[in-house]
Structures are given as C-alpha cells and as structure tokens.
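# Chain and residue survey
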Amino acid sequence: MNDRASRRFPTIGTAFLFTIALLAAAHPSAQQAAQSSAPQAAPPPVPGQATATAIPSVVAGVTKTPQGGLMFQGKDQPPTLEAFRPPIWTLAQVLGSPRGTENGIAFDFGKPDFAGTLVFGLVPFHDTKYPQPVYRTSTPIAGGKAEINIKTSITDRYDMVGWQKSGSGVIGYRIISQTGGMIYDGRVRFRYAGTGLFEIDVTKFEGPFVGNIGPRQAVISFQLDRPAPCAVVVAERKIPCRDGETRQEITIDKLQPATAYAYTVQYGANAETYGFRTAPLPGARKPFVFAYASDSRGGQGGGERNFNGPNAYIVRRLMAVNASRGAAFMQFTGDLVSGYVTSPDQLIYELANWKRAIEPQAHWMPVYTGLGNHEAILREFSGAGARMARLARFPYATESSEAVFAQELVNPENGPASEDGAAYDPDPSAIDFPSYRRNVFWYQYDNVAMVVLNSNYWFTPSIALLPESGGNLHGYLMDQQIAWLGRTLDEIDRNKTIDHVFLTVHTPLFPNGGHVGDAMWYGGNNTPRATVAGTPLPRGIIERRDDLLALIQKHPKVLAVLTGDEHNYNRMRLDATVPIYPPNWDKPKMVLTRPFFQINNGAAGAPYYAQEQTPWSAAVSGFSTQHAICLFIVEGPKVRIETVNPETLEVIDRAVLR
Ligand SMILES: [Fe+2]
C-alpha cells in the first residue's frame with residue numbers, strides 16, 4: 001500500500017505528541033482552515049478537541065480518556081493513546097501573509113525555525129495561454145520571513161508585464177528549503193502607486209479550474225485570498241460569486257454543445273481570461289481523445305519530482321501531453337499526493353501542490369479525480385507492546401479523506417450517498433459513515449461513460465491486523481457502492497447515446513506488480529474484508545472482486561477497467577482462458593465469457609514497482625515502469641489506446657480495444 005507511510009510514523013514519543021494534543025486549544029476543521037487561508041498565517045493546527053469528538057458507532061474499541069483525548073484497545077492488546085502528527089506545512093503558512101513594504105513585499109511563513117530561499121519573478125498573462133511565473137531572482141528566508149525587493153529586481157528590462165506603468169502585477173514565488181526541498185509555488189498580486197508602500201491586491205491564489213463539462217454547462221472554480229467582489233463572464237453573461245466567500249465554484253449553464261467559449265474571471269479590479277469547450281451532444285459519435293493516469297505522489301530524484309505531495313515534474317509533463325493531444329478531459333484515479341496524514345490541513349496543503357501542477361492546462365480542460373489510499377487522513381493509536389491502529393479520521397463529515405477531497409476537488413455529485421442504509425448500518429436513523437459525495441460518480445462525454453469508483457472508501461489501513469476496530473479494507477467495495485454500480489450500469493445500458501463504458505478504480509482487480517499482496521487479491525486470500533464496529537462483512541475481498549466481475553460480465557458496454565495503485569503501466573485482456581483463482585478455491589467461480597480489458601496506469605510519478613508472478617501473468621502485455629499517460633482515441637464505434645511517456649514522448653504501447 002505504501003512504504004512512505006511507515007517512514008512517516010512519529011519518531012518522537014507518543015507521550016510527547018499526546019501532551020501536545022492535550023495542550024491544544026481548538027483545531028480548525030478542514031473547512032475553517034481552508035477559508036482562513038489568507039492574510040494571517042495561522043499557527044499550525046493542533047489536535048485535541050477530543051472532548052468534542054463523537055466516536056462513530058461504526059468503530060469499536062475507541063474510548064475517551066479521562067483527560068478528554070482518545071484511546072484504542074484491540075483484542076488482547078494493551079490500550080494505546082492517539083498520536084497526532086502536526087502538519088509540516090499548512091496552506092495558510094505558505095500563502096505567506098504578504099504585506100506591502102516600501103520596496104516590495106514582506107512574507108511571514110509563520111514558521112520561525114524555517115530557513116530557505118524564496119525565488120520570485122513576474123507572471124505574464126498577456127502573451128500566453130498558460131501563464132507561469134518567470135523566476136528572476138531569489139532572496140533568503142530566515143526565521144520564516146523574507147522580503148522581496150521589486151524595485152531593484154524586476155524593473156525596466158525585466159518588467160515584461162509593464163507593472164511600472166500600470167501600477168499592478170502578479171508575483172510568482174517559490175519556497176525552497178535549505179536542503180533543496182520544494183515547499184510551495186505561490187502567487188501574490190500587488191499594486192503600486194509610484195510612491196509610498198506597495199499594496200497587496202486581491203489575489204487569486206488557486207485556479208481557475210474548469211470542471212464538470214457537459215454539453216450545456218461547466219463549472220469554474222478558484223480561490224481568492226480574501227472575500228471580494230468577483231464573477232465569471234461567459235458570452236456576455238456575468239455570473240456573480242457567492243458573497244463573502246474565498247472559495248468559489250460557479251456553474252455556467254445554458255451553453256451550446258461542442259462549442260468553444262472564452263471565460264473571464266473578474267476579481268477585485270482584475271480579470272483573467274481562459275477558455276473551455278463544451279461536450280458534444282450525447283451520442284454525437286464525433287472523434288475525441290481523453291486521458292487517464294493515477295499515482296502521482298512524490299517520487300525520487302529531488303526537485304519537482306518530490307513537491308511535498310505530488311511528483312509535480314511528471315504531472316506537469318503529462319498535462320502538457322494532454323493539451324498537445326487535444327484531450328477533452330483527463331481522468332485521474334487516486335494517489336494524487338503522498339498523504340497518509342493525521343492532519344486534514346496537511347492533506348489540503350499537499351493537494352494544493354497537486355492542483356498547482358495541473359493548473360496551467362486545467363484552466364482549459366477538466367480533470368476528474370478519484371480517491372486512492374494515499375489520500376488517507378487517519379487517527380493513529382500506538383503504544384508499547386500493541387499493534388498500531390490506523391483508523392479513518394472522524395468526524396467523517398469534516399475531517400475524513402472523503403470530506404477534504406470533496407472540498408478541494410470538483411467532481412460530479414451523482415453517486416450513492418454513503419454506506420448508510422446497508423444491512424450492516426448500526427443506526428438507520430443517523431449518518432454513521434463517510435460520504436461518497438464527489439468520490440463515487442459517473443459522467444458522460446459524447447458516446448463514452450466513465451464510472452468512477454472508490455476502493456479506498458472509509459479506508460482503515462490497520463483493518464486486516466485489527467479487524468475488531470471496524471473500518472474498510474484497501475481494495476474493498478462495500479455493499480451500497482456495489483448496489484449503486486449495478487443500478488448505474490443498468491441505466492447506462494438503456495441509454496442509447498452511450499457505446500463505451502469505462503470503469504475506473506484505484507486498486508487493480510488483477511494486480512501485477514507492487515500490490516499482489518493486497519489490491520483486490522491479497523495474494524489469493526479471501527479472508528480480508530471490511531468490518532463494521534468489529535463485525536466482519538459476509539463477503540471476502542476475492543468474492544467482492546467477483547461481484548464486480550459479475551457486473552462487468554452483465555453489462556457488455558463495459559470495455560475496460562482503468563486502475564492504478566501499482567506504479568507501472570500494463571494492459572490485460574481478460575477472457576475465459578485466463579486463470580483468476582487461487583489453487584484451492586472452494587467457492588463459486590466466475591467464467592469470463594465476455595472479454596474486457598484491465599488497463600493499469602499508476603505511472604504518473606510515484607516510485608515504480610516491477611512485475612510479479614500471478615496466475616494471470618500470461619495475459620499481461622505492455623508492462624513498463626516508465627512514466628506514462630494513456631490516451632484513449634474514440635472514433636464512434638472504435639476505441640484505441642496510445643500510451644506515452646510524458647517525459648520523452650516515446651509511445652510505449654498501442655492497441656485497438658474495440
Ligand atoms: Fe495506491
């Protein structure tokens with residue numbers, strides 16, 4: 001599942017961290033943290049608040065300590081205390097609380113022990129489709145503070161944006177640690193009247209992103225550094241922002257299909273213009289291309305390959321390939337960032353670095369995302385002589401992976417509600433499980449449907465070792481999600497505008513390298529499964545894989561399952577000749593009478609895995625540990641795949657799928 005997470009376990013004593021927890025005042029919820037993103041750098045959020053934390057009825061073994069903290073006790077195990085790992089950085093910190101000075105801008109990153117380098121330059125918007133900072137020079141960061149001198153460093157022959165004349169410009173800055181670690185690429189907009197102090201203008205520090213593009217509508221999302229008047233203008237229609245909010249998601253409707261639109265984001269006295277193309281009418285059956293990848297968490301090699309969360313180098317490269325190939329959209333299914341955190345603020349920060357990496361082209365084309373195991377936000381309990389419990393972080397409504405993912409990324413919202421209402425729901429009158437909002441959904445583009453599943457829902461990394469805690473297993477699709485998938489595939493089958501269906505899920509049904517010991521196989525062991533409050537679900541992991549296979553067999557439009565988790569590329573054609581069971585399997589067997597493909601591309605930047613031996617190894621083709629982006633070329637009834645190394649542009653695989 002991950003090797004990095006184990007390295008990130010606290011190295012300082014649990015008792016120490018627990019003391020921090022008890023000393024903590026209020027911990028801002030993910031929502032509050034994100035909204036407090038600007039001027040003041042908040043102190044790093046701390047845990048605690050346990051007095052107010054209700055323990056969900058779907059977990060067992062967790063109780064409150066007399067001091068108001070949380071503890072966990074497994075079967076035949078000593079009790080363990082919760083250990084919180086404070087965020088290394090928060091978005092509020094890296095935004096830098098900028099303040100205008102006589103010569104430029106002073107930053108305070110709210111981290112007095114931090115020393116590093118601040119690289120900066122202007123961002124030109126007037127002469128490029130994909131505005132990027134052009135770094136000009138740098139200044140040291142000492143005591144967590146730095147001041148940039150705009151007057152002496154980016155004037156005259158370095159003033160390509162003409163700020164000296166207009167009195168306004170955008171600075172792009174990069175925070176680098178003393179050891180060369182990439183911390184954040186930021187933006188700040190300034191004004192200068194010619195005398196006096198520089199001023200910090202309303203800044204759009206993230207976005208805009210295009211999302212949820214249909215034939216008639218699109219969503220534009222972005223974040224400002226403060227609540228300010230703003231709007232999106234499309235075809236002379238002005239749609240205002242929500243008042244008083246820094247985080248904006250604006251739906252543009254009443255659009256024409258298959259039409260290119262320019263859109264302008266107005267914020268404060270500023271405006272930026274980008275564009276998008278609406279989807280064709282359903283079933284137009286015109287040729288188009290879409291892209292697929294997953295697993296872009298930080299890799300080896302230094303620099304932008306490990307950008308505190310993502311491998312920003314490879315993500316930037318593959319977005320450039322997408323744009324050059326004219327991809328209508330990209331589907332990206334899980335492990336965007338390194339994650340495995342206990343602080344929602346840490347995940348928000350890592351996702352901000354991922355969004356920065358996709359941003360240039362994502363101003364223009366939508367990127368749909370799925371959840372992986374690395375987006376995990378956990379509550380960890382450890383102590384001498386006990387197995388470490390790593391539970392999905394609650395309260396689920398505000399601090400779970402699912403809640404933070406839905407807050408940070410725009411996706412369709414037509415999935416199931418949650419696992420509430422299943423046979424194992426402990427309280428039918430209450431919401432007990434995390435939400436599927438924006439992490440399970442489907443969308444249509446022309447004659448293609450993409451169904452996005454979440455095999456890391458309510459993900460509880462320790463569940464196989466401590467089933468008594470309650471929680472879901474890596475790779476396991478719970479009942480309500482499977483039921484929704486069945487209904488959705490029935491509906492898609494009846495929909496005459498859809499010819500090709502792709503399912504996408506983070507974990508392979510048939511792992512081949514790196515996750516043969518888990519994913520949906522667990523080395524051929526059917527025992528692992530989800531438990532609710534310690535009660536195991538009836539179906540084991542391989543039986544649940546077979547439930548998914550049964551749905552694929554029943555719905556002939558399903559052409560391929562797009563998976564990841566394993567950091568390599570490979571393509572499999574599954575049919576009745578491929579062995580898919582462990583040697584002494586005594587349960588009913590699926591016969592794959594209708595062939596389909598599993599295409600794995602977890603090669604978007606994470607450290608690689610080599611191929612391993614499995615019962616189905618003979619059915620694997622194109623296995624590669626090169627970084628990869630899959631391009632699906634759809635031409636009416638025909639579909640083919642071209643897989644490209646985004647660094648070298650080498651085509652590493654080509655195949656006709658239908
Ligand atoms: Fe993964």
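Looking only at helices and strands, one finds 12 helices and 35 strands in the chain. Over its C-alpha trace the chain gives a radius of gyration of 25 Å, about what one expects of a compact globule, namely 26 Å for 658 residues. With respect to the principal axes defined by its C-alpha atoms, the chain has extents near 80 × 65 × 45 Å. Going through the 658 residues of the chain one by one, you find that 63% of them count as buried. Partitioning the contacts of the chain with sequence separation of at least 6, the portion at a separation of at least 24 is 70%. Carbon and sulfur atoms provide 54% of the accessible area of the chain, an area that totals close to 23,500 Å². Computed over 60 positive and 59 negative side-chain charges, the separation of the two mean positions in the chain equals 4 Å.

The next subject is the sheet that holds strand 33 (residues 629-635). The six strands lie next to each other as 21-20-19-33-34-35, forming an open sheet whose pairing is mixed. Unpaired on one side and paired on the other, strand 21 (367-370) and strand 35 (651-656) mark the two borders of the sheet. The average angle at which neighbouring strand axes cross in this sheet is 20°, direction not considered. With three bridges joining them, strand 19 (residues 288-293) and strand 20 (residues 330-333) adopt parallel strand pairing. Bridge pairing in strand 20 links Tyr 292 to Gln 331.

The linkage connecting Gly 207 with the following residue, Pro 208, adopts the cis geometry, with an omega of 5°. Checked against the element boundaries, Pro 208 lands in strand 12 (residues 204-211). Here the residue pair Phe 394 and Pro 395 is connected by a cis peptide bond, since its omega of 0° sits within 30 degrees of zero. Position of Pro 395 relative to the elements: it lies in the loop between strand 23 (389-392) and helix 9 (396-399). We note that Arg 285 has phi near 60°; this positive angle belongs to a residue other than glycine. The phi angle at Asn 308 is positive, at roughly 45°, despite the residue not being glycine. Tracing the chain through its elements places Asn 308 in the loop between strand 19 and helix 7 (312-324).

Let's shift gears to the coordination of the iron ion. For a metal bound by four donors in a tetrahedral arrangement, the ideal donor-metal-donor angle is 109.5 degrees, while six donors in an octahedral arrangement ideally sit at 90 or 180 degrees. Within the protein, Asp 335 (OD), Asn 373 (OD1), His 506 (NE2) and Asp 565 (OD) serve as the donor atoms for the iron ion, at 1.9 to 2.1 Å. Coordination geometry of the iron ion: the four donor atoms subtend angles of 90 to 151° at the metal centre, consistent with an arrangement described as irregular. For the iron ion, all donor residues lie on one chain, and their spacing in sequence is D-x37-N-x132-H-x58-D. Here Asp 335, found in the loop between strand 20 and helix 8 (344-362), pairs with Asp 565, found in the loop between strand 29 (558-563) and strand 30 (569-574); they are 230 residues apart in sequence, far enough to count as distant.

This part covers the packing of helix 7 against helix 8. With their axes 9 Å apart at the nearest point, helix 7 and helix 8 run at an angle of 20° to one another. By the angle between their directions, the pair helix 7 and helix 8 is classed as roughly parallel. Relative to helix 8, helix 7 is oriented so that their crossing is right-handed. Of helix 8, the residues touching helix 7 (which contributes Ala 312, Val 315, Arg 316, Met 319, Ala 320 and Ala 323) are Trp 354, Arg 356, Ala 357, Ile 358, Pro 360, Gln 361 and Ala 362.

Positionally, Met 365 belongs in the loop between helix 8 and strand 21. Taking the C-alpha atoms as reference points, Met 365 and Gly 100, 265 residues apart in sequence, are found 35 Å from one another.

Attention now moves to empty space enclosed by the protein. For the coordinates displayed, the defined rule picks out five cavities of 30 Å³ or more. What the largest cavity holds in volume is close to 230 Å³. What lines the largest cavity is a set of 20 residues, among which Phe 209, Ser 221, Glu 408, Leu 409 and Val 410 lie closest to the centre. Surrounding the second largest cavity, 17 residues form its lining, Gln 132, Pro 133, Arg 187, Arg 356 and Glu 359 being those nearest its centre. Of all elements in the fold, only strand 10 (182-191), strand 12, strand 18 (270-277) and helix 8 reach the threshold of two or more residues within the lining of the second largest cavity. In the lining of the second largest cavity, the residues fall into six nonpolar, four polar and seven charged.

Glancing now at the environment of Phe 222. Within the fold, Phe 222 resides in strand 13 (residues 218-224). Looking at Phe 222, the relative accessible area reads 2%, which means it is buried. Distance from Phe 222 to Ile 250, taken between C-alpha atoms, is 8.9 Å for residues 28 residues apart in sequence. Ignoring sequence-local partners within four residues, the contact set of Phe 222 consists of Lys 204, Glu 206, Gly 207, Pro 208, Cys 230, Val 232, Cys 241, Thr 246, Arg 247, Gln 248, Ile 250 and Val 265.

So, about the packing of aromatic side chains. Tallying each qualifying case throughout the model produces 35 aromatic pairs. For the pair Phe 433 and Trp 458, a centre-to-centre distance of 5.2 Å together with 85° between the ring planes defines the contact as edge-to-face. One end of the pair, Phe 433, is in the loop between helix 10 (401-408) and strand 24 (441-445); the other, Trp 458, is in the loop between strand 25 (448-452) and helix 11 (479-494), with 25 residues separating them in the sequence. One exposure class covers both Phe 433 and Trp 458, and it is buried. Above the face of the Trp 364 ring, Lys 129 is positioned so that its terminal group lies 4.7 Å from the ring centre. Sitting over the face of the ring of Tyr 158, Arg 136 holds its NZ or CZ atom 3.5 Å from the ring centroid.

Our focus in this paragraph is the state of the cysteines. Scanning all chains against the criterion turns up one disulfide. Here Cys 230 is linked by a disulfide to Cys 241, with a sulfur-sulfur distance of 1.9 Å. The sign of the -120° torsion about the S-S bond sets the Cys 230-Cys 241 disulfide as left-handed. Of this pair, Cys 230 sits in strand 14 (residues 230-234) while Cys 241 sits in the loop between strand 15 (237-240) and strand 16 (247-252), placing them 11 residues apart in sequence.

Here the focus is the layout of surface pockets. Approximately 510 Å³ is the volume attributed to the largest pocket. Around the largest pocket, the lining comprises 29 residues; the ones closest to its centre are Tyr 396, Ala 397, Thr 398, Ala 403 and Ser 435. Approximately 410 Å³ is the volume attributed to the second largest pocket. Taken together, 23 residues form the lining of the second largest pocket, with Arg 277, Gly 326, Ala 327, Ala 328 and Trp 364 sitting closest to its centre. Mapped by element, the contributors of at least two residues to the lining of the second largest pocket are strand 18 and helix 7. Counting residues per element, the lining of the second largest pocket draws most heavily on strand 18, at three residues.

Conventions and cut-offs
Residues numbered from 1 in each chain as written. Predicted model: local features only at pLDDT ≥ 70, side-chain atom pairs only at ≥ 80, totals over all residues. Heavy atoms only, no water. Helix = DSSP H or I, 4+ residues; strand = E, 2+ residues; numbered from the N terminus. Rg over C-alpha atoms; globule rule 2.2 N^0.38 Å. Buried < 20%, exposed > 50% of the residue type's maximum accessible area, 1.4 Å probe, protein only. Contact = heavy atoms within 4.5 Å. Areas by Shrake-Rupley, 256 points an atom, 1.4 Å probe, with all protein chains shown as cover. Lys, Arg positive; Asp, Glu negative; His and termini not counted. Charge placed at Lys NZ, Arg CZ, Asp CG, Glu CD. Pairing = 2+ DSSP bridges. Axes fitted to C-alpha atoms, helices over the stretch in contact; angles between N-to-C directions. Donors = N, O, S within 2.8 Å, 3.2 Å for Na, K, Ca; no water. Tetrahedral: all angles 85-135°; square planar, octahedral: opposite > 155°, others 65-115°. Parallel < 35°, antiparallel > 145°, perpendicular 65-115°, else oblique. Left-handed = near helix turned anticlockwise from the far one by under 90°. 1 Å grid on protein atoms, 1.4 Å probe; cavity = no way out; pocket = protein on both sides within 12 Å on 5 of 7 lines; lining within 4 Å. Points joined across faces, edges and corners; volume = space filled by probe spheres on them. Nonpolar A, V, L, I, M, F, W, Y, C, P; charged D, E, K, R; others polar. Phe/Tyr/Trp six-rings, centres within 6.5 Å; stacked < 30°, edge-to-face > 60°. Lys NZ or Arg CZ within 6 Å of the ring centre and 35° of its normal. Disulfide = S-S within 2.5 Å.

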